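So the chains spell out like this:
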Amino acid sequence: MLEVNVALKVGSFQLEVAFQNQKTFTALFGQSGSGKSLTLNLISGLIRPNEGFIRLDGVTFVDINEGIFEPMHRRRVGVVFQDSNLFPHMSVRQNLLFGRWFAPKGDRRIDFDQVIEVLGIGKLLKRPPSRLSGGERQRVAIGRALLSCPRLLLFDEPMAALDMERKLEILPLIERIRDEFRVPMVYVSHAIEEVVRLADLIVVIDAGKVKAIGGPGEVFSAASAQSEEARFDRSSVLTVRVAGENARYGLTELKHSSGVIWLGGAAGPAGSEARVIIKATDVVLANEPAHRTSVRSVLQGKVLSIHDSGPFAMVEIALAGDNHLFAAATRQAVDELGLQKGCDVFALIKTAALDEAKIAPAHVS
Amino acid sequence: MLEVNVALKVGSFQLEVAFQNQKTFTALFGQSGSGKSLTLNLISGLIRPNEGFIRLDGVTFVDINEGIFEPMHRRRVGVVFQDSNLFPHMSVRQNLLFGRWFAPKGDRRIDFDQVIEVLGIGKLLKRPPSRLSGGERQRVAIGRALLSCPRLLLFDEPMAALDMERKLEILPLIERIRDEFRVPMVYVSHAIEEVVRLADLIVVIDAGKVKAIGGPGEVFSAASAQSEEARFDRSSVLTVRVAGENARYGLTELKHSSGVIWLGGAAGPAGSEARVIIKATDVVLANEPAHRTSVRSVLQGKVLSIHDSGPFAMVEIALAGDNHLFAAATRQAVDELGLQKGCDVFALIKTAALDEAKIAPAHVS
Amino acid sequence: MFHLNAAEWTAIWLSLRIAIVATLISLPFGIAAAYALARGRFPGKSLLNGIIHLPLVLPPVVTGFLLLMLLGRRGALGPFLASIGIVLSFRWTGAAVACAVMGFPLMVRAMRLSFEAVDRRLELAAGTLGASGPWRFFLVSLPLAFPGIIVGSILAFAKALGEFGATITFVSNIPGETQTISAAIYTYTQVPGGDESALRLTIVAIVIALAALFASEIFQKMGEKRIASLE
Amino acid sequence: MFHLNAAEWTAIWLSLRIAIVATLISLPFGIAAAYALARGRFPGKSLLNGIIHLPLVLPPVVTGFLLLMLLGRRGALGPFLASIGIVLSFRWTGAAVACAVMGFPLMVRAMRLSFEAVDRRLELAAGTLGASGPWRFFLVSLPLAFPGIIVGSILAFAKALGEFGATITFVSNIPGETQTISAAIYTYTQVPGGDESALRLTIVAIVIALAALFASEIFQKMGEKRIASLE
Amino acid sequence: PAFAEQPLATAPGAAATKGPVIFAAASMKTALDAVAAAWTAKTGKATSISYAASPVLAKQIEQGAPADIFVSADLQWMDYLDKAKLIRPGTRHNLLGNTLVLIEPADGKTELKIEPGFDLAGAVGSGKLAVCTITSCPGGIYAKEALEKLGIFAALEPKLAQADNIRNALALVARGEAPFGIVYLTDAKAEPKVRVVGTFPEGSHSPIIYPVAIVADSKNKDAAHFVAYLSSQEATKILTGQGFKILTK
Ligand SMILES: Nc1ncnc2c1ncn2[C@@H]1O[C@H](COP(=O)(O)OP(=O)(O)OP(=O)(O)O)[C@@H](O)[C@H]1O
Ligand SMILES: Nc1ncnc2c1ncn2[C@@H]1O[C@H](COP(=O)(O)OP(=O)(O)OP(=O)(O)O)[C@@H](O)[C@H]1O
Ligand SMILES: [Mg+2]
Ligand SMILES: [Mg+2]
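Residues numbered from 1 in each chain as written. Chains lettered and ligands numbered in written order. Predicted model: local features only at pLDDT ≥ 70, side-chain atom pairs only at ≥ 80, totals over all residues. Heavy atoms only, no water.

Under an unreviewed UniProt entry, the name given to chain C is Molybdenum transport system permease, and the source organism is Methylocapsa palsarum. UniProt, in the comment section headed Function (unreviewed entry), describes chain C in these words: "Part of the binding-protein-dependent transport system for molybdenum; probably responsible for the translocation of the substrate across the membrane." (UniProt positions renumbered as here; feature names shortened; annotations may be inferred.)

J.: Looking at this model, I keep getting lost on the overall build of chain E. Mind explaining?
T.: Within chain E, the regular secondary structure consists of 11 helices and 11 strands. Intrachain contacts of chain E at a sequence separation of at least 6 include 78% that bridge at least 24 residues. Here chain E has roughly 9,400 Å² of accessible surface; of this, 56% comes from carbon and sulfur atoms. Between the averaged position of the 25 positive side-chain charges in chain E and that of its 23 negative side-chain charges there is a distance of 4 Å. (Helix = DSSP H or I, 4+ residues; strand = E, 2+ residues; numbered from the N terminus. Contact = heavy atoms within 4.5 Å. Areas by Shrake-Rupley, 256 points an atom, 1.4 Å probe, with all protein chains shown as cover. Lys, Arg positive; Asp, Glu negative; His and termini not counted. Charge placed at Lys NZ, Arg CZ, Asp CG, Glu CD.)

J.: Can you walk me through the overall build of chain C in this structure?
T.: A tally of regular secondary structure across chain C gives 11 helices and 0 strands. Each principal axis of the C-alpha distribution contributes one length, and for chain C these read about 65 × 45 × 30 Å. A sequence separation of at least 24 residues applies to 74% of the contacts in chain C between residues at least 6 apart. Of the roughly 8,900 Å² that chain C leaves accessible, carbon and sulfur atoms contribute 72%. Looking at charge distribution, chain C has the averaged site of its 17 positive side-chain charges lying 10 Å from that of its 11 negative ones.

J.: Help me understand the site of ligand 2, please; the structure alone is not making it clear to me.
T.: Ligand 2 sits among 21 residues. The nearest are A:R127, A:R131, A:S133, B:S32 and B:S37. At ligand 2, the nearby residues belong to more than one chain, namely chains A, B and D. Separating an oxygen atom of ligand 2 from a side-chain N or O atom of A:R127 is a distance of 2.3 Å. One nitrogen or oxygen atom from the main chain of A:R131 is found 3.0 Å from an oxygen atom belonging to ligand 2. In isolation ligand 2 offers 640 Å² of accessible surface; the protein chains occlude 94% of this area. For the shell around ligand 2, the secondary structure elements donating two or more residues are helix 5 (134-147) of chain A together with helix 1 (36-44) of chain B. When grouped by side-chain class, the residues that make up the shell around ligand 2 number 4 nonpolar, 12 polar and 5 charged. (Near = heavy atom within 4 Å. Polar contact = N/O pair within 3.5 Å; in protein donor to acceptor, adjacent residues only side chain to side chain. Nonpolar A, V, L, I, M, F, W, Y, C, P; charged D, E, K, R; others polar.)

J.: I'm lost on the nonpolar core in this one. Help?
T.: Ranked by internal contacts, the top residues of the largest apolar core, which has 198 residues, are E:L102, E:L120 and E:L129. The contacts of E:L129, once residues within four sequence positions are left out, are E:L102, E:L120, E:V124, E:L147, E:L156, E:K159, E:L160, E:A161, E:F180, E:G181 and E:I182. (Core = buried A, V, L, I, M, F, W, Y, C linked by side-chain atoms within 4.5 Å. Buried < 20%, exposed > 50% of the residue type's maximum accessible area, 1.4 Å probe, protein only.)

J.: Just to check I follow, could you spell out the environment of C:V87 for this structure?
T.: Relative to the elements of secondary structure, C:V87 occurs in the loop between helix 4 (78-83) and helix 5 (92-117). For the pair C:V87 and C:M222, spaced 135 residues apart in the sequence, the C-alpha separation amounts to 39 Å.

J.: Explanation requested: the site of ligand 1 in the structure shown.
T.: As a matter of local geometry, ligand 1 sits amid 21 residues, with A:S32, A:S37, B:R127, B:R131 and B:S133 nearest to it. Positioned at a junction of chains, ligand 1 has nearby residues supplied by chains A, B and C. Interatomic distance of 2.6 Å between a side-chain N/O atom of A:S37 and an oxygen atom of ligand 1. A distance of 2.9 Å separates an oxygen atom of ligand 1 from a polar backbone atom of A:L38. Protein coverage of the free-state accessible area of ligand 1, which is 630 Å², stands at 94%. At the level of elements, helix 1 (36-44) of chain A together with helix 5 (134-147) of chain B are the ones that each hand at least two residues to the shell around ligand 1. Grouping the constituent residues of the shell around ligand 1 by class yields 4 nonpolar, 12 polar and 5 charged.

J.: In this structure, what is going on with the UniProt feature "domain: ABC transmembrane type-1" (unreviewed entry) in chain C? I would like to understand it.
T.: UniProt marks residues 12-214 of chain C with the feature "domain: ABC transmembrane type-1" (unreviewed entry), using the numbering shown here. Regarding residues 12-214 of chain C, the helix share stands at 78% and the strand share at 0%, and the terminal C-alpha atoms are separated by 19 Å.

J.: When you look at the pairing of strand 10 (residues 209-214) of chain E in this model, what are you seeing that I'm missing?
T.: Side chains on a regular strand alternate between the two faces of the sheet. All names here are of chain E. With 6 of 6 residues buried, strand 10 lies mostly within the body of the structure. Across the two faces of strand 10 the burial is the same, with I209, P211 and A213 and Y210, V212 and I214 all buried. For strand 4 (residues 93-97) and strand 10, the ladder comprises 4 bridges, and the chain directions are antiparallel. Its bridge partner lying in strand 10, H93 is registered against V212. (Pairing = 2+ DSSP bridges.)

J.: I'm lost on the confidence of the model for chain E in this one. Help?
T.: Close inspection of predicted coordinates is inappropriate in any region flagged by low pLDDT. Residue and element names in this part refer to chain E. Scored by pLDDT, chain E comes out at a mean of 85, with 92% of its residues at no less than 70. Confidence scores differ between elements of chain E, with helix 1 (residues 2-5) showing the lowest mean pLDDT of 44 and strand 3 (residues 69-71) the highest of 93. Across residues 1-16, confidence stays below pLDDT 50; counting only partners more than four residues off in sequence or on other chains, it has 22 contacts. The ipTM assigned to the predicted complex is 0.75, against a pTM of 0.78. (pLDDT = per-residue confidence, 0-100.)

J.: How should I be thinking about the UniProt feature "transmembrane region" (unreviewed entry) in chain C in this particular structure?
T.: Residue and element names in this part refer to chain C. Under the UniProt annotation, "transmembrane region" (unreviewed entry) lies at residues 12-38, 50-71, 77-104, 137-158 and 198-219. Across residues 50-71, helical content stands at 91% and strand content at 0%; the span's end C-alpha atoms are separated by 20 Å. Secondary structure across residues 198-219 comprises 100% helix and 0% strand; the distance between its end C-alpha atoms is 31 Å.

J.: Looking at this structure, I do not really get the interface of chain D and chain A. What am I missing?
T.: Think of interface size as the accessible area that goes away when the parts come together; that is how it is often given. Listed as interface residues are 22 residues of chain D and, on the opposing side, 26 residues of chain A. Where chain D packs against chain A, one counts 1 residue pair in polar contact (both at pLDDT 80 or more). Of all the secondary structure elements, the ones that give two or more residues to the side of chain D that touches chain A are helix 6 (120-128), helix 7 (133-144) and helix 11 (195-227) of chain D. Its residues assigned to classes, the side of chain D that touches chain A shows 13 nonpolar, 6 polar and 3 charged.

J.: So what exactly am I meant to see when it comes to the state of the cysteines here?
T.: What is meant by a disulfide is a covalent connection between two cysteines, made through their sulfur atoms. Residue and element names in this part refer to chain E. Under the definition given, this model contains 1 disulfide over all chains. Linked covalently through their sulfurs, C132 and C137 form a disulfide whose S-S length is 2.0 Å. With the S-S bond torsion at -85°, the cross-link from C132 to C137 turns out left-handed. Residue C132 shares its accessibility class with C137, and that shared class is buried. (Disulfide = S-S within 2.5 Å.)

Here you go:
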């Protein structure tokens, strides 16, 4: 369990962050300058809070009241920094092996070859960091932190400089480390959907204060809608059950009490729970299930609220099982479909628009 | 006109890039390590090519054959670096005004107050760069380059560290600079749709070589599909004509010879041309125009090809007027709709899924 | 108990003046040489480097003789200097020149180290913003090398306080004109029973040096504070 | 024409040995002091800084006398050192100690400058990877301060070659034991007709110093090459 | 002569060649090196001579330096050691004498007779009179005495350029830096770029004496032999050739 409850003042900036996470993956969101990096620095021990405490699985990292301050090298907290901070006098290989050397032998659980393969840095091992491109540097930095086999891994927007392809490759690695080696993680990102599927707890920070906190289901929609404008950032999280497979077409049927969602690829064993993230702009509204289109996934619900914003409206739909689904549509469409609070409505979801990388097995609490 | 035709060898990496752009905005795409930053460094004069030349509007920056090498400070090429490279000994204000000081008086066209307002850095002016968060640093770096009022602006993934909200604010500023002040730009990014709407020319670099080159219409779909897997990165560009407005609902009707697309917000005066980017995953396929759904935009075309990939298929549709549209669907849907090469098909596009920020007036050639 | 006579006060003031002037006159040359060695690529760079180090390697007496042969009244450059009104021999100005020469290698080395540590990308960034070489130097490299400039200056200043071998050889030991604290201390050590006076002046020299050091540290910290980083 | 007699060869070898040993023995102390001054926060830091600078500020003769009174056979620490088998007075080892002391401020200043220029974030990154203070020092700070270590060493070495004031005062000028090139040059300048011999030895000193400088530059470049950046 | 009465500790050519360690004033180098070479040729024994300023050497002997013989450039530092009982009783004697002269650059033609009240200040004019330090350096102390005796010190004091040793004062004149200087005859003779204007009368200053003595702690058996040799005929010939006066016969 990670417990953070700290206050810090730097210059005129006041940070007050408190959260605790029983499970392993905490996501930290917030605008530029909101205090995310400062929070990570407090956890890793780079800076000392003015007040409060930080604990991980019963180990106290810092507790101002009790006068405890564990120095960073004894915390065994791996950090992937916003700037890669590679050692310029060492080759990529030496950089990667640096932390490993300090890890107790029994803890060297993460395999060197596997990491360099997944990160695609096998060809760079002999280079000095100065001869790497921006993205290459960041990949090496991720590898270095992973290979130190830490008790807790902190990521400070590690993928900002990576292309989509690399991101899609690295995310599963991060997930695997979390699951196979049970390394707890705190992950800072701007791109809210980047890791929300992995997160057990989402902490939204705004101007140094916690603005929202909770599981993805509770917080994500709110967190994703930081700006009224950004209908593209508004998403919903649905908890579903894996019902079966269509082996011929490689599809998985996900059952929700309000309907069915078809997913490309596998999502876990039949009967298991999973979590699906659906962007509001990917939902098509209709008065009846679709005919003769490529859309296969249909959920039925009741309109809970409609918020207009310029030419668009954000329609909140109550599904069975206390799940909410957001759908973005033009005001015109809302009018033509005659949608009003309380109306029945069908939500059509394109399977191809569902990112299977954003479907995660829900954790057993 | 920007003309680039250079070769460079660093270490074991061989770069050969040639393109020329009559218009003002060149976008450079490619994977991490493909040579994008090196290309920018050649243009800005930070490094010297082994062979070739670079010219801007008749001014030769470098020409190895003729022995010309204009030093960087005389090129007046502003650069926003991947690392912000702010001057640590100067305040944010001093950093911002640095380049301005060197610009000839008559060229100081870009307004200081406007830039700091748009970049949201008014409160930071007195700080040293070391007290800025990662995103704040990058915003200041953008401001610094803009305010030097350059003849050519180079961006090396300047927005990787910015949150979506800031990006959405900054893109229009970049567009305005391009249009109002007619500053030509070369923009490097991983996020291919980030600036494609602004681009006149797209150059796709792969392992140091130009892999594709051309206008957004020709190149973008190819460029966007660098990876077979990444159906999310596949988009199409359609050239449309602004037909009229629906003032009541704030929508604009865009006419394409194959149908109609409704857009939220304005896209230019009636009769003008515009460019729309449509993600393959946002297209719903149907055998007939949709009924009773929220989808209002329908294009009719003929299936040109179908490429299977796992559970999904990428359907390429020939529209009237030589435009191609890509649609991602499950193989199951393709089968159920009975799609085959040559079939007639309807493409339904959700207006709410169309990013109005990605619609650009097409340039008059 | 701790009484300094008038001659000693004179020597102290003279020392201060000579050390300050020596530091100031060598400053521009030191900065230029350090920057050239740190960033420049030119033929004869190694030679320049070697020449700058000579006063460090040679016994001060030799340096003094060389100065005499170069800048003395009948030296190679002396008559020319005299014709433009610069007379160094037997003047405190000559002492300042001798101290400057002796401190020069120390000054240049420290400054060069700082110039080499300046992130070249910042200079390049300044270049893309339109700053030509000299502007880049004055607006970026020089301020960023500030710690080295301070350290180089303090080393030169301290050396000037302690120097007497080259000075006494070049301009001899004229009370009130060229007799510095160091020369006075030296003289006391050469007289039986002079130890106490030597010790007294030694303490004065130490106090001056400590004050200068302290000032330089404060100066440097002020500079650093501006560049201070939280991390 | 350019013939060196046996005594002169002896002085040359002795100088080299003394300069090398002086540099090597002061190296660990110099590094420790430089790092402590660059990064440490402890009471008495200013005092330490001041003491280290003293040999620069004081006339070498004074430093030599202080060494004599401290480490000489009848000095404060001399008998103790003798009891553990270390005899410095009037031995070449004493000359090495004198040279080490005289070069120490130069060495420490250069190294300190380099330690201060090490990006603290890299040390912190090493800390998060599990490296404790000493490991961070040896694996990160020290290698990154390499240019300063080299520069500090070369300054100390050059100073040791040129030093004679403190040396001759502390361990006298005994041929074959404590007479270095510098002392020999000095002696030649003290007698009529010695100028030619002095000049010859001066040239030798210059050659040695240039060779050392050259070696250090190459050494430093090798280090830099590893860290070379395209930009 | 005394030399004959001093037996050598070991026979000439014997294996033990570690001869006496001599601490001598730096200005003696040329002369003493020649004498030592002659002694070595004769006895087969090497000497080791450390040349430095007399005060430095005296203080080193005080601190237990391994010196056997001390040759001082003046009496005061020998007295200093004598008082501290650091020299072997009975071994001290005045070895050499020297003469004080007024010099000018070799191309000068000044005619000046050195007598009480002579117008040296006028001759020096706006230039400087090079001497060595008048408070500490023996040559300087003698020069001051002489100038005082001749009654012209007050006029010359502001015109003194004090070098830290005689050689340096000589160099200032030789380089034309100073129009006049006061140095020892031995130095003036060895420097072709200066010419002697005149010699200071013997009575104008206390006698210039280089005393020699064996150090109290000396265990070297040959020290006495070497000291005696300094007064031998061979040595005398060498020393007078350098311009020294021999004080002990
Ligand atoms: N040393 C400092 N002194 C004063 N203010 C500081 C200092 N370091 C950071 N800040 C301020 O604290 C706030 C939080 O900084 P932090 O680096 O945690 O932001 P962030 O959330 O990581 O932003 P980004 O996403 O842009 O990296 C910012 O407003 C920043 O300006
Ligand atoms: N100094 C150098 N020596 C050798 N190889 C280099 C050097 N600098 C860059 N490279 C290599 O050149 C290639 C192109 O580098 P560049 O920085 O242009 O990549 P990029 O396209 O900007 O990538 P990214 O998106 O990750 O920043 C990379 O493979 C890099 O490793
Ligand atoms: Mg941050
Ligand atoms: Mg790059």
